[in-house]
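# Descriptive analysis of the structure
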Amino acid sequence: MKAKIQNDLMLIIKFKQCIMLYLYKILLLMKERVLIIGSSGQIGTELVLELRKIYGGNNVIAADIRNSSNKIIESGPFEKFDVMDKTKLFKIVKKYGITQVYLLAALLSANAEKNIELGWALNMRSHSHVLDLAKEGLIKKIFWPSSIAVFGPNTPKNNTPQHTIMEPNTVYGISKLSGERWNEYYYNKFNVDIRSLRYPGLVGWRAKAGGGTTDYAVNIFHEAIKHAKYESFLSENTVLPMMYMPDAINATIQLMESPAKKLKIRSSYNLAGISFSPKEISEEIKKHIPKFTISYKPDFRQEIANSWPKSINDINAQKDWGWKLNYNLKSMTSDMIRNLKRKYKLAV
Ligand SMILES: NC(=O)c1ccc[n+]([C@@H]2O[C@H](COP(=O)([O-])OP(=O)(O)OC[C@H]3O[C@@H](n4cnc5c(N)ncnc54)[C@H](O)[C@@H]3O)[C@@H](O)[C@H]2O)c1
C-alpha cells in the first residue's frame with residue numbers, strides 16, 4: 001500500500017515537471033518575434049506559415065518588396081518594404097521588437113546572371129544590413145541561406161564534402177561564398193548567432209520557383225499536369241542535388257532550434273537532398289501521367305548547372321544537429337502531383 005502511494009506521488013511529481021517544462025518552452029517561444037524578409041518567394045511562402053504554427057501568427061512578421069499570398073497577409077503582420085533601405089529595416093525591427101531574422105530576399109542564379117549589378121548589390125547589401133542588426137545587439141539570431149552554387153567547376157562533383165575547393169563562377173555563387181565568409185567573420189569577431197544551410201535546388205508546389213538553375217524541377221510538374229509535356233532547359237542527363245520543400249523547411253527550423261553549442265559550422269552547412277536528372281524525374285512523372293513527354297533545349301543555365309556538384313555529403317549536419325532526410329524522388333513526385341492536381345482542381 002505504502003509503495004503504491006509512493007509510486008503515485010512520483011508519477012504526479014513527474015507529470016507536474018513535464019507540464020512546467022512544456023509551459024516554460026511555450027513562454028520562451030512566445031517571447032520570440034520573427035521577421036522573414038522575402039516572404040513572397042518560393043521558400044518564404046511556406047516557411048512563414050510553418051513558423052506561425054510554432055510562434056503564433058502575430059509573432060511572425062512577413063516582409064517583402066511585393067505582396068505575399070492572401071494566406072500570409074491574413075494570418076499575421078505583413079510589411080511591404082525594400083531590404084536595401086537600412087533605416088526602414090531598423091525601424092521595422094524596433095517596431096515589432098524582433099528577436100530573429102530569416103533573410104530570404106536574394107536574386108537567384110539565373111536571374112543574377114542577367115543582372116549582375118543587382119545580383120551583387122541585393123545579395124551582399126541585404127546580408128550586411130541584417131548582420132549589422134545583430135552586431136548592434138538588436139536581434140539575437142539570424143538565418144541566411146547559402147546554396148550549392150558556392151561550389152565551382154574545380155570542386156569534386158560527387159559526394160562533395162563540406163570543406164573543399166570553392167571556386168564559383170557565377171555572380172550568385174560568388175555572392176553566396178562571400179556571404180558565408182561574412183557569416184563566419186561576424187560569428188568569430190562579434191559573436192553573432194548566425195545559422196546557414198547550403199540548400200540544393202528546392203522543389204515545392206505552393207509557390208513558383210524564383211529564377212534559379214534548378215527551376216526546371218518545379219516547372220516540369222506544372223506543365224506535366226496542365227499539358228502532359230515539358231521542354232527542359234537542362235540536358236537529359238544533368239544530375240543536380242535537389243530537395244523537396246518539406247525537408248528544406250524542416251532542416252531550416254531544426255537548425256534554428258538547435259542549441260548554439262551543437263553548431264560547429266557557422267559559414268554554412270552542406271545539405272544533400274536527392275540527386276536526379278531531368279530524364280530520371282520525367283520517368284518518375286510518367287508513372288503517374290503515362291502520356292507525359294519531355295524534350296530538351298539547353299540554354300545558358302546549362303553552363304551554370306555544369307559547374308555545380310552532382311551530389312553532396314552532409315555528414316556534418318547529420319552529426320552536429322541530427323539532420324535526417326525524409327523524401328526520395330518517388331515520394332516527392334507522388335506528393336507534388338497529388339497536391340498540384342488538387343491546386344488545379346483536377347481529380348486526384
Ligand atoms: N529556391 C531554391 O531552390 C534555393 C536554393 C538555394 C538557395 N536558395 C536561397 O534561399 C533564399 C530564398 O530563395 P527563394 O527560392 O525563396 O527565392 P525567391 O526569388 O522565390 O524569393 C525571394 C523573395 O525576395 C523578395 N525580394 C527581392 N528583392 C527584395 C528587396 N529588395 N526587398 C525585399 N524583398 C525582396 C522577392 O520579391 C521574392 O519574393 C535565397 O537566398 C536563395 O538564394 C534558394
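Figured I'd write up the structure that's included with this text. (Residues numbered from 1 in each chain as written. Predicted model: local features only at pLDDT ≥ 70, side-chain atom pairs only at ≥ 80, totals over all residues. Heavy atoms only, no water.)

## Let's talk about the environment of L177
As a reminder of what qualifies: Each helix corresponds to a stretch of at least 4 residues labelled H or I by DSSP, and each strand to a stretch of at least 2 residues labelled E; elements are numbered beginning at the N terminus.
Structurally, L177 can be placed in helix α7 (residues 171–190). Between the C-alpha atoms of L177 and A149, which are 28 residues apart in sequence, the distance is 8.3 Å.

## Some points on the pattern of salt bridges
Where charged atoms from two side chains of opposite charge come close, those side chains can pair. Applicable threshold: We define a salt bridge as a side-chain nitrogen of Lys or Arg found within 4 Å of a carboxyl oxygen belonging to Asp or Glu. Any residue under 20% of the maximum accessible area for its type is buried, any over 50% is exposed, and the rest in between are partly exposed; the area is computed with a 1.4 Å probe on protein chains only.
All told, the structure shown has 13 salt bridges when counted by the stated rule. With a closest N to O distance of 2.6 Å, D193 and R266 form a salt bridge. Note that D193 is positioned in strand β7 (residues 193–195) and R266 in the loop between α9 (245–257) and β12 (269–270), a separation of 73 residues in sequence. Like D193, the residue R266 is buried in the burial classification. We note a salt bridge from K287 to E284, for which the minimum N-O separation is 3.1 Å. Assessed through its relative accessible area of 60%, K287 is described here as exposed. Classification of E284 by relative accessible area gives buried; the value is 10%. What you see here is one network of salt bridges that share partners, running through D193, R195 and R266.

## Some words on the packing of aromatic side chains
This is how the line gets drawn: Stacked, edge-to-face and tilted are the three classes for Phe, Tyr and Trp ring pairs, Trp counted by its six-membered ring, which pair at centre distances within 6.5 Å; planes under 30 degrees apart are stacked, over 60 edge-to-face, the rest tilted. A positively charged side chain is recorded as over a ring if its NZ (Lys) or CZ (Arg) lies within 6 Å of the ring centre. The angle to the ring normal must also be within 35 degrees.
Within this structure, the stated rule accounts for 11 aromatic pairs. When the centroid spacing of 5.7 Å and the interplanar angle of 85 degrees are considered together, the rings of W182 and Y185 count as edge-to-face. Here W182 pairs with Y185, and both are found in helix α7, just 3 residues apart, close to one helical turn. Since its relative accessible area comes to 42%, W182 is described here as partly exposed. When the centroid spacing of 6.3 Å and the interplanar angle of 75 degrees are considered together, the rings of Y185 and F190 count as edge-to-face. Residue Y185 is classed as partly exposed on the basis of its relative accessible area of 37%. F190 sits in the partly exposed class, given a relative accessible area of 35%. Put simply, the rings of W182, Y185, Y186 and F190 pair up and form one aromatic cluster. The residue whose ring lies beneath K135 is F190, and the NZ or CZ to ring-centre distance is 5.0 Å. A cation over a ring is seen here: K176 above W144, with NZ or CZ 4.8 Å from the ring centre.

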